[in-house]
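# Structural overview
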Amino acid sequence: MYFLGIDGGGTKTCFTLINEKGNVINRVIKGTCHPTQIGFDNLEKLLREGLEEIIKSSNISKEEIIKSYLGLAGYGIVKEIAEGIAKVVSKVFNGMDYILNNDVRVAIAGALAGEDGINVVAGTGSIALALKDEKVLRCGGWGYSIGDEASAYWIGKKALALFSKQSDGRLEKAPLYEMFKKELDLKTDFEIVSYVNEKLKGDRGEIAKLAKLCSDAAECGDEGAIAIFDEAAKEISEMIKNLLKNYDKDIVKVSYTGGVFKSGELILKPLREYLNGYNVELVEPQLSPDLGACLLAYISTGNKVTQELIERMKKQ
């Protein structure tokens, strides 16, 4: 008896298989599944290949997977995209028992191990979700062209603007300036324009990767880069504060997932300060989003979540 969880985001798609005891049997990693980045045909190809690969490499049959839970980026409020994803999934998972939802739903399930609370996802995009009595509430997540504040893409764009200001003297040159020139192999400062527009072609996933350089610069004391992460923390805190209005209990657990939080205290320290005085307990994520998807597949068949199960999944 197996359960398949799929976490598909703007950067990668993870297929994870567990058994009824919560032991991870296998994982398969593919690229982004977001249809706005790869299209629906490539989404179908990716899902089909991932499913076939995890079945074959795990030496099981498709029929042995009792339930699958897919959390896919893009499956949200934009009707055309959601319908397109649903159509693709119905073709790939034809004859299988599955549930389709978005990637942030599996992130909150993993981060809080199925408990009520708030989870902030800050990866290529960003959104905050609150889970209360099986009802999911959201804040943010408007997409990179409108919002996605505090996402890696948002930070990457801010870092590009900071480079331009340090380059032309609006701000004093600091570690970020030198890091960008070296890591992006810029012979002249103005090559940053062709690098973004022609080499990266404005791809949001590639621009999001620049957040790591911004983080490195901040760690080296670049005040402008530090300020970007402080602003990101403030944006995240505003989403959390808005969702807190839905709770009446004393303490609400708040967790976090996504690549932006790999910057550690650079984002967490100011976030704690912005949340000071509010009824929150900031906690490390319990499980990764792919295991959150597995957990939701497990729960959907009537199984109860025990601490023993969670601890077993944590070890994988």
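Residues numbered from 1 in each chain as written. Predicted model: local features only at pLDDT ≥ 70, side-chain atom pairs only at ≥ 80, totals over all residues. Heavy atoms only, no water.

Going by what an unreviewed UniProt entry lists, the protein chain is known as Acyl-CoA reductase and is assigned to Clostridium tertium.

### Quick notes on the sheet that holds strand 10 (residues 280-282)
Strand order in the open sheet formed by five strands is 8-7-6-9-10, with mixed pairing between adjacent strands. What marks the edges here is a single partner per strand, and that holds for strand 8 (135-140) and strand 10. For this sheet, the mean inter-axis angle between neighbouring strands, taken without regard to orientation, is 25°. By the bridge criterion, three bridges tie strand 9 (residues 252-257) to strand 10 in an arrangement that is parallel. When the sheet's bridge partners are listed, lysine 253 is paired in strand 10 with glutamate 281. Seen against the sheet, helix 9 (residues 223-244) touches strand 6 (117-122), strand 7 (126-132), strand 8, strand 9 and strand 10 and runs at an angle of roughly 145° to strand 8. (Pairing = 2+ DSSP bridges. Helix = DSSP H or I, 4+ residues; strand = E, 2+ residues; numbered from the N terminus. Axes fitted to C-alpha atoms, helices over the stretch in contact; angles between N-to-C directions. Contact = heavy atoms within 4.5 Å.)

### Observations concerning the pairing of strand 7
Within strand 7, six of the seven residues are buried, leaving the element largely enclosed by the surrounding structure. Bridge analysis of strand 6 against strand 7 gives six bridges, and the strand direction is antiparallel. By the bridge assignment for strand 7, glycine 117 is matched with leucine 131. Linking two consecutive strands that pair antiparallel, namely strand 6 and strand 7, is a turn of three residues. Pairing of strand 7 with strand 8, which is carried by six bridges, proceeds in the antiparallel orientation. Each residue of the ladder has a partner; that of lysine 132, found in strand 8, is lysine 135. Connecting strand 7 to the antiparallel partner strand 8 that follows it, the hairpin turn spans two residues, and aspartate 133 within it adopts a positive phi of roughly 50°. (Buried < 20%, exposed > 50% of the residue type's maximum accessible area, 1.4 Å probe, protein only.)

### Structural notes on the pattern of salt bridges
The full count for this structure, using the stated rule, is 19 salt bridges. In this structure, the salt-bridge partner of glutamate 206 is lysine 209, at a minimum N-O distance of 3.1 Å. Residue classification places glutamate 206 among the partly exposed positions, given a relative accessible area of 31%. Classification of lysine 209 as exposed rests on a relative accessible area of 52%. For glutamate 238, the salt bridge identified is with lysine 234, shortest N-O distance 3.9 Å. Residue glutamate 238 and its partner lysine 234 are both found in helix 9; the two are separated by four residues, about one turn of the helix. (Salt bridge = Lys/Arg side-chain N within 4 Å of Asp/Glu carboxyl O.)

### Details of the UniProt feature "domain: ATPase BadF/BadG/BcrA/BcrD type" (unreviewed entry) in the protein chain
Residues annotated by UniProt as "domain: ATPase BadF/BadG/BcrA/BcrD type" (unreviewed entry) correspond here to residues 4-297. With 47% helix and 21% strand, residues 4-297 has its two end C-alpha atoms placed 7 Å apart. (UniProt positions renumbered as here; feature names shortened; annotations may be inferred.)

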